[in-house]
Amino acid sequence: MQWYFVLLIAIGAALVGLGLGYLWRRKISEAKIGSAEAQAMQIVNEAMKAAETRKKEALLEAKEEIIRQKNEAEAELKDRRREVTHQEHRLAQKEEAIDRKVEALEKKEATLAEKIAAADARRQELEAKLEEQTAILERIAGMSAEEAKNELLARKTSEIEHETAKKLSEFEEQFKEDADEKAKEILSLAIQRCAADHVSESAISVVALPSEDMKGRIIGREGRNIRTIETLTGVELIIDDTPEVITISGFDPVRREIARLALEKLIADGRIHPTRIEEMVDKARREVETSMKQAGEKAVFETGVHGLNPELVRLLGRLKYRTSYGQNVLRHSVEVSLLAGALADEMGLDSTMAKRAGLLHDIGKAMTAEIEGSHVGIGVDIAKRYRESKEIINAIEAHHGDVEAQTPIAYLVQAADAISAARPGARRENVENYIKRLQRLEEIAGDFKGVETCYAIQAGREVRVMVKPDEVTDDQMVIMAHDIAKKIEEDLQYPGQIKVHVIREKRVADYAK
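Cut-offs and rules
Residues numbered from 1 in each chain as written. Predicted model: local features only at pLDDT ≥ 70, side-chain atom pairs only at ≥ 80, totals over all residues. Heavy atoms only, no water. Helix = DSSP H or I, 4+ residues; strand = E, 2+ residues; numbered from the N terminus. Contact = heavy atoms within 4.5 Å. Axes fitted to C-alpha atoms, helices over the stretch in contact; angles between N-to-C directions. Parallel < 35°, antiparallel > 145°, perpendicular 65-115°, else oblique. Left-handed = near helix turned anticlockwise from the far one by under 90°. Nonpolar A, V, L, I, M, F, W, Y, C, P; charged D, E, K, R; others polar. Core = buried A, V, L, I, M, F, W, Y, C linked by side-chain atoms within 4.5 Å. Buried < 20%, exposed > 50% of the residue type's maximum accessible area, 1.4 Å probe, protein only. Salt bridge = Lys/Arg side-chain N within 4 Å of Asp/Glu carboxyl O. Pairing = 2+ DSSP bridges.

Draft legend 1. Broad picture of the overall build of the chain. Scanning the chain from N- to C-terminus turns up 14 helices and 8 strands. Summarising the internal contacts of the chain: among those between residues at least 6 apart in sequence, 62% fall at separations of at least 24.

Structural data, given as structure tokens:
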């Protein structure tokens, strides 16, 4: 039973311990809670005090800001009031000045009205006196004032017309004397300064042969060599009894020159057959093109005209083989250029522009064989294409009087052209007409469909027409020859008769590889 009591005692002691511990913890907790509450109250009190202090400070700052803004507003208001007062003062002064001016103007108006009234009265008085004097004069003269005025004007008009006519006659007479004298002086100086060599162009060229045997080689077997040369160059080879000479006949100087060079190369080479002939003709054609280019460059250098388009220089060179009424067109163009420049120097004009216009005035003749139309129209188109100035274009267009000359340079080119053409021995009318007839003969034949090339030979007594074999048959050749002959009869006037020779040749080539 003892352990039971011990257990009860132990349990009681444990319960007592737990109760005491609980009381102790509660006391400690209450003490802590009380302390925390005290601290919280202290913090709240301090926060309330700080907030009150901040509130007071904010109120003080707001009051100070309000006072400052109020002071600034009052200062600004005072400034504006001061400015308004100043403006009112200025306006008052201006009103006073305006009032004074208005008063002065009113006084001036009154004075002016008085003067106008006095002037009107004086004018009426003078008009009355004038009418009185006019009536007296009309009574004395026996005519009205209007009649007297008309008679006076008529007399003065007659006198002025007489004096004007007299002066104009004197001026005209004096001008003619001075102009004739000055023109003679200018033209003589220009002609004297432009001394150029001129050669006479012909329709034939002569090629020397090393021996008589060469004639047979040039003719070739059954005439194939000579036919090839004539077909490729468009000229006629005349082989007669003249020793060691072959004559080349053709109205186109370029064709004659190509044929001459080709023959000379063939003779020097010694190999004469159709293939070689074609090579030499092509080579001769290239050499002639080079020669024409050099001739154009020489003409430009001789006249001192710079800045020309290279194509214009090449076209100028083509004029080397062109004649107009027997006069070499390139030499004529150079002569006109120099004459126009000399005339411009004497008259105080732009000699460079005059030389350029003179050199290009006949540039259209370089293309008349390829393009239809007058050389003037073609020349204008060429000048526009290569962007020549309006003065140059007008000089080209007006040098034959087709349009009105608009610049002094155009008139100088007209005069220089006339001087060059009118120079004794410069031109031969019959040769030019003959060449034009041959050119027209070729044009008529070339207008037919299927014609490849055509040449006028035998001094215009024969036209040789090469047709395209793929377009023209053998039967059509007969009809074409007849039609060309009829067209020539209708459009041309010529002595004797003209033979129309139509040729159809087909070539086939291949290459062994």
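Draft legend 2. Structural context of the packing of helix α6 (residues 274–303) against helix α8 (residues 329–347). Relative orientation of the contacting elements α6 and α8 amounts to 15°, with a least axis distance of 10 Å. Considered as vectors, α6 and α8 are oriented roughly parallel to each other. As α6 packs across α8, the resulting crossing turns out to be right-handed. On the side of α6, the interface is formed by A295, A299, E302 and T303, while α8 contributes L330, R331, V334, S337 and L338. Its residues assigned to classes, the contact of α6 with α8 comprises 5 nonpolar, 2 polar and 2 charged.

Draft legend 3. Structural detail: the nonpolar core. Of all hydrophobic cores here, the largest spans 42 residues; its most connected members are L308, L316, L359 and I382. Of all the secondary structure elements, the ones that give two or more residues to this core are α6, α7 (310–318), α8, α9 (351–360), α10 (375–385), α11 (390–398) and α12 (408–422). Ranked by the residues each element gives to this core, the list is headed by α8, at 8 residues. Once you skip the residues sitting within four places of it in the chain, L316 turns out to touch G296, V300, L308, L330, L359, L360 and I363.

Draft legend 4. Spatial organisation of the environment of L261. Turning to its location among the elements, L261 is positioned in helix α5 (residues 253–269). It is 8.5 Å that separates the C-alpha atoms of L261 and R285, two residues lying 24 residues apart in sequence. Each residue touching L261, except ones within four places of it in the same chain, is listed here: A284, E287 and V288.

Draft legend 5. The pattern of salt bridges, seen in detail. Per the counting criterion, the structure on display carries 30 salt bridges. The partner of R123 in a salt bridge is D120, with the nearest N and O atoms 3.8 Å apart. Separated by 3 residues within a single helix, R123 and D120 lie in helix α1 (residues 2–141), roughly one turn from each other. The salt bridge partner of R276 is E279, with a shortest N-O separation of 2.8 Å. With R276 and E279 both in helix α6, this residue pair falls 3 residues apart, about one helical turn. Here R276 falls in the buried class, since its relative accessible area comes to 16%. Bridged by salt links that share partners, the residues D269, R271, R276 and E279 form one connected network.

Draft legend 6. Unusual backbone geometry, seen in detail. Residues other than glycine seldom take positive phi values, yet E222 does so here, at roughly 55°. Relative to the helices and strands, E222 resides in the loop between α3 (213–219) and α4 (224–233). Using a relative accessible area of 72% as the deciding quantity, one classes E222 as exposed. We note that R387 has phi near 60°; this positive angle belongs to a residue other than glycine. Summarising the element assignment, R387 is placed in the loop between α10 and α11. Judged by its relative accessible area of 79%, R387 falls in the exposed class.

Draft legend 7. Region of interest: the pairing of strand β3 (residues 245–249). Burial of β3 is extensive: 5 of the 5 residues sit out of reach of the surface. Where burial is concerned, the two faces of β3 agree: the one with V245, T247 and S249 and the one with I246 and I248 are both buried. With 5 bridges connecting them, strand β1 (residues 204–208) and β3 associate as antiparallel partners. From the neighbouring strand, V206 faces β3, where its bridge partner is T247. Examined bridge by bridge, strand β2 (residues 236–238) and β3 share 3 bridges and lie antiparallel to one another. Its bridge partner being in β3, L237 is matched across the sheet by I248. Turn length for the β2-β3 hairpin, with the two strands adjacent in sequence and antiparallel, is 6 residues, and the turn residue E244 shows positive phi of about 55°.

Draft legend 8. Layout of the sheet that holds strand β6 (residues 451–457). Read from one edge to the other, the open sheet built from 3 strands follows the order β6-β7-β8, with strand pairing classed as mixed. Since the sheet does not close on itself, it has two edges, and those belong to β6 and β8 (499–504), each with one partner. Averaged over neighbouring strand pairs, the angle between their axes works out to 20° when direction is ignored. Alignment of strand β7 (residues 462–467) against β8, held across 6 bridges, turns out to be parallel. In the strand pairing of β8, V463 is matched with V500. Packing against the sheet, helix α14 (residues 474–491) makes contact with β6, β7 and β8, and its axis sits at approximately 150° to β8.

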